[in-house]
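Residues per chain are reported as follows:
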Amino acid sequence: MLKDDMAIHAGIPEKAVKAALQKLKDDPAYEGTTWDLGKTRAGRPIKVYFEAETMPQIHAAKKRLEQLLDEAGFDLYP
C-alpha cells in the first residue's frame, strides 16, 4: 500500500472536508482508496492521509476531493 497526504488550508471548515470525503466514499470509482483525517487544531491546515495500491488512485482521489470542495464554494488556493 502506498501512502500520501494532503494539506487543506485552515480557512476551509473541517465539517466541509468531512462532507466532501463522505461523497468521495460513496463514489464507487474511489473504492480502493482509503483516507484518514489527522488531528485538527484551530488555525492549522487540515491533513488528510490517503492510502491506495497505486499513486494514480491517490492522485485521482485528491483531485476529486479538490473538485468537491470547489463545487461546495471553497477555494483551496486563496
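Up top is the structure.
Per-chain numbering applies: the sequence of each chain, read as written, is numbered from 1 onward. Reporting in this predicted model follows two pLDDT cut-offs: at least 70 for local features of residues, and 80 or more for side-chain atom pairs to be given and counted; totals over whole chains, interfaces and linings ignore these cut-offs and use all residues. Where side-chain values are given, they derive from all heavy atoms of the structure, hydrogens and water being excluded.

Trainee: Sorry, what's going on with the pattern of salt bridges here?
Mentor: It is possible for side chains bearing opposite charge to pair when their charged atoms get close. Salt bridges are defined by distance alone: a side-chain nitrogen of Lys or Arg within 4 Å of a carboxyl oxygen of Asp or Glu. In the structure shown here, the tally under the stated rule is 5 salt bridges. Across the salt bridge formed by Lys62 and Asp4, the nearest N and O atoms sit 2.7 Å from each other. With Lys62 in helix H2 (residues 55–71) and Asp4 in strand S1 (residues 2–8), this pair connects stretches of sequence that are 58 residues apart. Given the relative accessible area of 24%, Asp4 is considered partly exposed. Residue Arg64 is joined to Glu71 by a salt bridge in which the shortest nitrogen-to-oxygen separation is 3.6 Å. Per the convention used, a helix needs a DSSP run of H or I reaching at least four residues, while a strand needs a run of E reaching at least two, with both numbered from the N terminus. For every residue, the accessible area obtained with a 1.4 Å probe (protein chains only) is divided by the maximum for its type, and the residue is called buried under 20%, exposed over 50%, and partly exposed between those limits.

Trainee: Honestly, the nonpolar core in this entry has me stumped. Any pointers?
Mentor: Soluble, globular proteins show a tendency: their nonpolar side chains are buried together. Each nonpolar core is a collection of buried residues, namely Ala, Val, Leu, Ile, Met, Phe, Trp, Tyr and Cys, held together in the definition by side-chain atoms within 4.5 Å. Ile8, Ile12, Val17, Leu24, Phe50, Leu65 and Leu69 are the most contacted members of the largest nonpolar core, which totals 19 residues. For this core, the secondary structure elements donating two or more residues are S1, helix H1 (14–26), strand S3 (46–52) and H2.

Trainee: Sorry if this is basic, but what is going on with H2 here?
Mentor: With 17 residues, H2 should reach 24 Å at 1.5 Å per residue; the first-to-last C-alpha distance of 24 Å fits that figure. Burial in H2 covers these residues: Ile58, Ala61, Lys62, Leu65, Leu68 and Leu69. Looking straight down H2, one finds its buried side chains confined to an arc of 125 degrees; they lie on one side. In H2, the exposed residues that point more than 90 degrees away from the buried face are Pro56, Lys63, Asp70 and Glu71. Of the surrounding secondary structure, the elements contacted by the buried residues of H2 are S1, H1 and S3. Multiply 1.5 Å by the residue count of a helix minus one, and that product is the helix's expected span. Working definition: the arc comes from the directions between the helix axis and the C-beta atoms, pointing outward to the latter. Residue contacts follow a heavy-atom distance rule, with two residues in contact if any of their heavy atoms lie within 4.5 Å.

Trainee: Is there a simple way to think about the sheet that holds S3 in this case?
Mentor: Pairing between sheet strands relies on hydrogen bonds along the backbone, with the strands arranged either parallel or antiparallel. At least two DSSP bridges between two strands are needed for those strands to be called paired. Read from one edge to the other, the open sheet built from 3 strands follows the order S1-S3-S2, with strand pairing classed as antiparallel. Both outer strands of the open sheet, S1 and strand S2 (34–37), are each paired with one neighbouring strand and no more. The mean angle between the axes of side-by-side strands here comes to 20 degrees, regardless of whether they run parallel or antiparallel. With 4 bridges joining them, S2 and S3 adopt antiparallel strand pairing. Note that in S3 the partner of Trp35 across the bridge is Phe50. Only the stretch in contact is used when fitting a helix axis, every axis being a line fitted to C-alpha atoms; angles between N-to-C directions are given from 0 to 180 degrees. Packing of H1 onto the sheet brings it into contact with S1, S2 and S3, and relative to S2 it is tilted by some 165 degrees. Relative to S1, H2 is tilted by about 20 degrees, and along the sheet it contacts S1 and S3.

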